[in-house]
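# Report on the structure
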Amino acid sequence: MRIGVFVCWCGSNIAKTVDVEAVAEAARSFPGVVYATDYKYMCSEPGQNMVAEAIKEHNLDRVVIASCSPRLHEPTFQRCIGAAGLNPYMVEMANIREQCAWVHERTPETTEKAIELTRMAVAKVAKNVPLFQNDIGITKRALVIGGGVAGIQAALDIADAGHPVVLVERTPSIGGRMAQYDKTFPTLDCAACILTPKMVDCASHPLIDIWAYSEVEEVNGFVGNFDVKIRKKATCVDPKLCTGCGLCLEKCIVKNVPSEFDEGMGLRRAIYRPFPQAVPNKPVIDREHCRIFNGGKCGVCQKVCPTGAINYETVDEVVEEKFGAIVVATGFELWDHSAMGNYGYGKYPDVISAIQFERIMNASGPTDGHITRPSDGKVPKSIAFISCVGSRDEEHGHAYCSKVCCMYNAKQALLVKDKLHDVETHVFYMDIRANGKGYEEFVKRTIEEYGANYIRGRVSKIYPDGDQLVVKGADTLLGRQVEVRVDLVVLATAMQPQRDAKDLARKLGISTDEYNWFSEAHPKLKPVEVLTDGVYLAGACQYPKDIPDTVAQASGAASKAIGLFSKDHIKSEPMIASIYEDTCIGCGLCVDVCPFTAIELVEVVDKERSTRDNQVMKTVARVNEGICKGCGTCSAACRSLSARLRGFEGSGILAQIDALADMVKAKK
Amino acid sequence: MAEIQDKIREEAKKALESGEVGVVIGWGAGSVPFKTTPVFIDKPQDADKLVWNPACTNNLAVYLTRWARDGKVGIVAKPCDIRSIVTLIREKQVKRENVFIIGLGCGGVVDTGLMEAGDVRMREITSLQWDGDDLMVTTEAGAVKVPAAQALREQCKVCHDRSPAISDVSVGDAVAPSEDLKIEIPGLSEDRQKYWQEQFAKCIRCYACRQVCPACYCETCFCDRIEPKWTAKKATTDEAWMFHATRAMHLVGRCIGCGECERVCPVGIPAVELARELNAVAKERYDFEPGDPEAEKPLLGAYKENDVDPAHHSE
Ligand SMILES: Cc1cc2nc3c(=O)[nH]c(=O)nc-3n(C[C@H](O)[C@H](O)[C@H](O)COP(=O)(O)OP(=O)(O)OC[C@H]3O[C@@H](n4cnc5c(N)ncnc54)[C@H](O)[C@@H]3O)c2cc1C
Ligand code: SF4
Ligand code: SF4
Ligand code: SF4
Ligand code: SF4
């Protein structure tokens, strides 16, 4: 054994408090050490060269770097000794900076501690064995979950780079929330004009498969190799035969189903597509409302369908597909404000949500873009917009800001003035958050050019008076109570995660925050990654976002997937867990504690008990090397010492403890 | 008790006759009336060798990992033994369908050591029987009543669950929990370290405690490993610390407190107290009770969002 020890000054970071020369000197007497030195910056190019040269000159087979945290420079020195011809895992770091120099004064004890840490690293490196990376192949095909603008953008970007994509959307059409809007802030582009072409591009792209009316059931596997079960819900309409002519939609006798797409402001049939520009353009039968599925007699749609595309016998189909990367783009839902009684939503027909107002303003919406109020169909002469309804409101479970409400309040107050010139608009706000390109200017325009009356304060109560509504609140700028009488009230209800977000997170093995938004791997530096490799986040499923941010993140997620697909193999990290099957007793504790669900129990031949004629099986744990992150939780939990972490074997750890114990004893 | 004993024999006979099980594990008469011994009955006609009395101390669950591995076995089990069985099932060492549990209501088993401290001459005992809260000890000279507090084994004094949590047939009535007699965990006293130092100094590392423990079912115990060698073979106090402390950590949330380790230890080390101490913490912080059939996962494998973070737990 020929160990080399390299003590780093880290400029003055270490050298100021630790006598680095003394550490190197002491190291020369450690068992197995044949060379020790110190240098100003071990990680610098000359520093690394010094290590490489010493390896050659002194024929070193193991190296200890006494410097900073392995988190910082272990990969650096692994590469360094790898390039010098050693196995990269024959290096150990003694952290004499964070764990010593930075937390102590310059005293002899500090240097003594640095010596002890170095001695322990020497003891451990003596037990190191070479480790090797494995190549794991990858399936260059992406799954995008959720067909809102985020999913659409990600699918297009990945497909344009030449990789097949399956876009799974649970409603009958892609488009998401954006498809519901009339115009979008801050540029007031017509939402349909900019979104529909992208939806059509998805449909016609040779590399994109849109699986609408489908949901992810189960996800197994790991980066590059996910096995995903997807349920394609029975639509009763054969997509190959259906031409999308729409005859069935006209003839269906069930006419009174509240339309989800119109947010209950309009009606649809039992066979329907959410909106005329839906992609795919084929209708689906909603079994909850179709007569045939409710013990009734009908069959009208089947009769009128010219191509015979309708078949009431179809059943859900569950398919299993392989993917290399997954983009999660499931968006958000809106808080049901009826929980907050004092605003009267659900009680007074003319108190509506902002998303319902979007539908009313939309030229292809339930009122054909005529702005009328739900109760009596009259054109409102005055409208109050109320922001932060449930947002920034801990009491109602959303301490966060929904981020887009200030902007769409301004948008709606502006657009409505375009349509009804003499309408009076009041906007109740807590403060105006308009931090985006062109946003502040946009709000200013709504106030100054479109005469919106902005009132700062929370609304305490809304109640009817005659055929009008009275909005009562405090004007905190003027410090007095205000009361406005309006014909229509529009509530900016809080954005919140999809109610099944937690479920999907569990299937994907990713985490969620306290509200159930999906958690990114790092709030600043890894905003589209999650802690599970190969899964990326896009859009409002992570946190409230507007369309520009959503699309930017979607392209970011797509580029991560494309980056992954640019390689044919990924390297498996060798410092991961492995199970000694001979001693594993199959208790499954490791399976329970692994935070990445990397372990499963499998049946293997019990070598101990099997004979030539009688094969006996036993249950043991097995680590999926693609998923394991090497966190070591399993090896801490395993009683029989069968779950082991390569690079952190018990023998190495024990050698460290023994080395320390020897030094402590020697001191006494 | 004689009635219950008859029923046990009857159920065992039935299970063997029908071929449902190949063997019934139970207690048989020991060499002296105040002792019993584990028996493995594999013929219906031998079922009459099974006995049930306050000396049926052994936790027979320890035999299941081996005996129920490849086929179904019957087992006569006290409520505490059943808690061991539940743990074994949860930890995938025994399949539920591989055990036929003849579950008993239980009034507690006796600590003959404690009785000896009283006036009873062990050698003269002819039978032991519960009479309400007292133990009727019949000797050649006549019957003596020993109060429960004096006769019961430690774990029986605090046992609240005196009817079988799971079973295939339940024999004998459920017995109401005794009033809490409270036991002391000396390890919790101030001289904790000194106490255990003295205890471990006695340890001869025979591993009887581990062998008798139903939760110590590892095929290779950590202390038998040569590489990495977490504890050396020599019987020094330091090595005994390593063994017992590690074993205690391995038992938290899993030891059901049967006290078998303490009973079999030739030098009288109360190893169970360590596990009891840890289990008390598990109960307090995580409301976890070993052997509770309702718990889905083992203590260390379960995580709830509102779990106490031990790092931030202040006493
Ligand atoms: C009233 C209102 C007005 C707005 N106006 C503007 C505006 O003018 N300008 C602007 O920039 N932003 C606006 N926004 C914000 C905008 O809606 C979002 O930025 C955008 O919709 C986010 O897109 P997304 O694709 O992430 O999510 P979504 O649009 O919510 O799309 C998510 C999609 O995923 C699908 N899905 C969900 N769960 C699953 C699942 N488990 N499996 C399969 N599919 C699933 C959903 O059905 C949906 O189609 C507004 C928001 C509101 C509430
Ligand atoms: S590796 Fe250890 S914890 Fe996992 S099943 Fe085997 S014995 Fe149990
Ligand atoms: S090291 Fe961590 S990630 Fe890997 S199998 Fe063990 S517990 Fe799971
Ligand atoms: S505690 Fe007792 S039974 Fe256990 S190893 Fe030590 S001497 Fe043996
Ligand atoms: S002491 Fe621990 S390792 Fe040894 S048999 Fe018991 S549980 Fe297994």
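Because the structure is predicted, anything quoted here is derived from the model rather than measured. (Residues numbered from 1 in each chain as written. Chains lettered and ligands numbered in written order. Predicted model: local features only at pLDDT ≥ 70, side-chain atom pairs only at ≥ 80, totals over all residues. Heavy atoms only, no water.)

### Structural notes on the site of ligand 5
Here is the rule we go by: Only heavy atoms are used to decide nearness, and a residue is near a molecule or strand if one of them lies within 4 Å of it. Any residue outside Ala, Val, Leu, Ile, Met, Phe, Trp, Tyr, Cys, Pro, Asp, Glu, Lys and Arg is labelled polar, Gly included; the first ten of those are nonpolar and the last four are charged.
What surrounds ligand 5 is the set Arg 639 of chain A together with Arg 210, Cys 216, Cys 218, Cys 221, Phe 222, Arg 247 and His 250 of chain B. At the site occupied by ligand 5, the surrounding residues belong to chains A and B. Broken down by class, the residue content of the shell around ligand 5 amounts to four nonpolar, one polar and three charged.

### Considering the sheet that holds strand S2 (residues 36-41) of chain B
The strands that make up a sheet are held in pairs by hydrogen bonds between backbone atoms, and each pair lies either parallel or antiparallel. Residues and elements named next belong to chain B. Where we set the bar: Between any two strands, at least two bridges found by DSSP are needed for them to pair. Here a strand is any run of E in DSSP of at least two residues, a helix any run of H or I of at least four, and the numbering for each starts at the N terminus. What counts as an axis is a line fitted to C-alpha atoms, over the stretch in contact for a helix, and the angles between N-to-C directions run from 0 to 180 degrees. In this analysis, two residues are considered to be in contact whenever any of their non-hydrogen atoms come within 4.5 Å of each other.
Taken together, the five strands give an open sheet; going across it, the order is S2-S1-S3-S4-S8, and neighbouring strands pair in mixed fashion. Whereas interior strands pair on both sides, the edge strands pair on one side only; in this sheet they are S2 and strand S8 (169-171). On average, each strand axis in the sheet is tilted by 30° relative to the strand beside it, whichever way the strands run. Helix H1 (residues 2-17) contacts strand S1 (24-29), S2, strand S3 (73-77), strand S4 (99-104) and S8 of the sheet and is inclined by roughly 170° relative to S4.

### A look at the domain arrangement of chain A
Defined as follows: An automatic or database domain assignment supplies the residue ranges for each domain.
In terms of domains, chain A is made up of domain 1 (3-131), domain 2 (142-331 + 504-565), domain 3 (334-496) and domain 4 (577-646). If you average the C-alpha positions of domain 3 of chain A and of domain 4 of chain A, the two centres end up 58 Å apart.

### Remarks on the state of the cysteines
Residue and element names in this part refer to chain A. This is how the line gets drawn: Note that a disulfide, as used here, is simply two cysteine sulfur atoms within 2.5 Å. Three exposure classes are used, based on accessible area relative to the maximum for each residue type with a 1.4 Å probe and protein chains only: buried under 20%, partly exposed in between, and exposed over 50%.
What the rule picks out here adds up to one disulfide over all chains. The disulfide bridge from Cys 190 ends at Cys 193, spanning 2.3 Å between sulfur atoms. The chirality of the disulfide connecting Cys 190 with Cys 193 is right-handed, given an S-S dihedral of about 90°. Residue classification places Cys 190 among the partly exposed positions, given a relative accessible area of 24%.

### Here we look at the site of ligand 4
Residues in close proximity to ligand 4 include Cys 203, Ile 204, Arg 205, Cys 206, Tyr 207, Ala 208, Cys 209, His 244, Cys 265, Pro 266, Val 267 and Ile 269 of chain B, which together make up its full environment. Looking at side-chain class alone, the shell around ligand 4 contains ten nonpolar, one polar and one charged residues.

### Focus on helix H9 (residues 237-251) of chain B
Residue and element names in this part refer to chain B. Quick reminder of the rule: An expected span of 1.5 Å times one less than the residue number is assigned to each helix.
Along its 15 residues, H9 runs 21 Å from first to last C-alpha, staying within 8% of the 21 Å computed at 1.5 Å per residue. Within H9, burial applies to Glu 239, Ala 240, Phe 243, His 244, Thr 246, Arg 247, Ala 248 and Leu 251. Looking one or two residues beyond H9, the residue adopting positive phi is Gly 253, at roughly 75°.

### Here we look at unusual backbone geometry
A cis amide bond links Val 279 of chain A to the next residue, Pro 280 of chain A, at an omega of 0°. Along the chain, Pro 280 of chain A falls in the loop between strand S15 (271-272) and strand S16 (284-285). In the segment running from Glu 227 of chain B into Pro 228 of chain B, the intervening peptide bond is cis, with an omega of -5°. Mapped onto the elements, Pro 228 of chain B comes out in the loop between helix H8 (208-212) and H9. Of note in the backbone geometry, Leu 188 of chain A takes a positive phi value of approximately 60° without being a glycine. In this fold, Leu 188 of chain A is placed in the loop between strand S8 (183-184) and strand S9 (189-190). Phi is positive for Cys 236 of chain A, which is not a glycine, with a value near 70°. Its location among the elements puts Cys 236 of chain A in the loop between strand S12 (225-232) and helix H7 (247-251).

### Details of a positive patch on the surface
So the rule is basically this: Patches here are clusters of residues that have more than 30% relative accessible area and form no salt bridge, with a 9 Å joining cutoff for like charges and a 5 Å cutoff for nonpolar side chains (Val, Leu, Ile, Met, Phe, Trp, Tyr). Working definition of accessibility: Shrake-Rupley area with a 1.4 Å probe, residue cover restricted to the visible protein chains. Should a side-chain nitrogen of Lys or Arg be within 4 Å of a carboxyl oxygen of Asp or Glu, the pair is scored as a salt bridge. The charge count includes Lys and Arg as positive and Asp and Glu as negative, but it does not include His or the ends of the chains. Every charge is mapped onto a representative atom, which is NZ of Lys, CZ of Arg, CG of Asp or CD of Glu.
Residues Lys 665 and Lys 668 of chain A together with Lys 229, Lys 233 and Lys 234 of chain B make up a contiguous surface patch of positive charge. Mapped onto the elements of the fold, Lys 234 of chain B is located in the loop between H8 and H9. Residue classification places Lys 234 of chain B among the exposed positions, given a relative accessible area of 52%.

### Observations regarding the pairing of S3 of chain B
Residues and elements named next belong to chain B. The cut-off we apply is this: Handedness of a crossover is defined as follows: with both strands directed away from the viewer, a clockwise route from the first strand across the helix to the second makes it right-handed.
For S3, a buried count of five out of five residues is recorded, marking the element as mostly surrounded by other parts of the structure. Here S3 shows two buried faces, one formed by Val 73, Ile 75 and Ala 77 and the other by Gly 74 and Val 76. Two elements, S1 and S3, share two bridges in a ladder whose sense is parallel. Its bridge partner being in S3, Ile 25 is matched across the sheet by Ile 75. Looking at chain direction, S3 and S4 are connected through five bridges and run parallel. Each bridged residue has a counterpart across the sheet, and for Val 73 the counterpart in S4 is Val 99. Handedness of the β-α-β unit built from S3, helix H3 (residues 79-90) and S4 comes out right-handed.

### Section: the packing of aromatic side chains
All names here are of chain A. Operational definition: Aromatic pairs are defined between Phe, Tyr and Trp rings, using the six-membered ring for Trp, whenever the two ring centres lie within 6.5 Å; interplanar angles under 30 degrees are classed as stacked, those over 60 as edge-to-face, and all others as tilted.
One pass over the full model with this rule turns up 18 aromatic pairs over all chains. Ring plane angle 75° and centroid distance 6.5 Å describe the contact between Phe 293 and Tyr 312, whose orientation is recorded as edge-to-face. Taken as a pair, Phe 293 in the loop between S16 and helix H8 (300-304) and Tyr 312 in the loop between H8 and strand S17 (317-323) lie far apart in primary sequence, 19 residues in all. The exposure class assigned to Tyr 312 is buried, which follows from its relative accessible area of 11%. Feature note: the residues Tyr 400, Tyr 515, Trp 517 and Tyr 543 constitute an aromatic cluster, connected by ring pairs.

### Structural notes on the domain arrangement of chain B
Residue and element names in this part refer to chain B. Counted only if it meets this: Summed over both partners, buried area is the accessible surface (1.4 Å probe) that two parts give up on being assembled. A 3.5 Å cut-off defines polar contacts: any pair of N or O atoms within that distance qualifies, except that in protein one atom must be a possible hydrogen donor and the other a possible acceptor, and neighbouring residues in sequence count only when both atoms are side-chain atoms.
Assigned domains within chain B: domain 1 (2-108 + 160-171) and domain 2 (190-310). For domain 1 versus domain 2, the distance between C-alpha centres works out to 25 Å. Across the boundary between the two partners, domain 1 contributes 18 residues, which contact 20 residues of domain 2. In total, about 1400 Å² of surface goes out of reach between domain 1 and domain 2, with carbon and sulfur atoms giving 58% of it. There are two salt bridges connecting domain 1 and domain 2. Between Glu 219 and Arg 69 there is a salt bridge whose closest N-O contact spans 3.8 Å. Taken together, domain 1 and domain 2 are joined by six residue pairs in polar contact (both at pLDDT 80 or more). With seven residues, H3 is the single largest residue contributor to the side of domain 1 that touches domain 2. Each residue belonging to the side of domain 1 that touches domain 2 can be placed in one class, and the counts come to seven nonpolar, seven polar and four charged.

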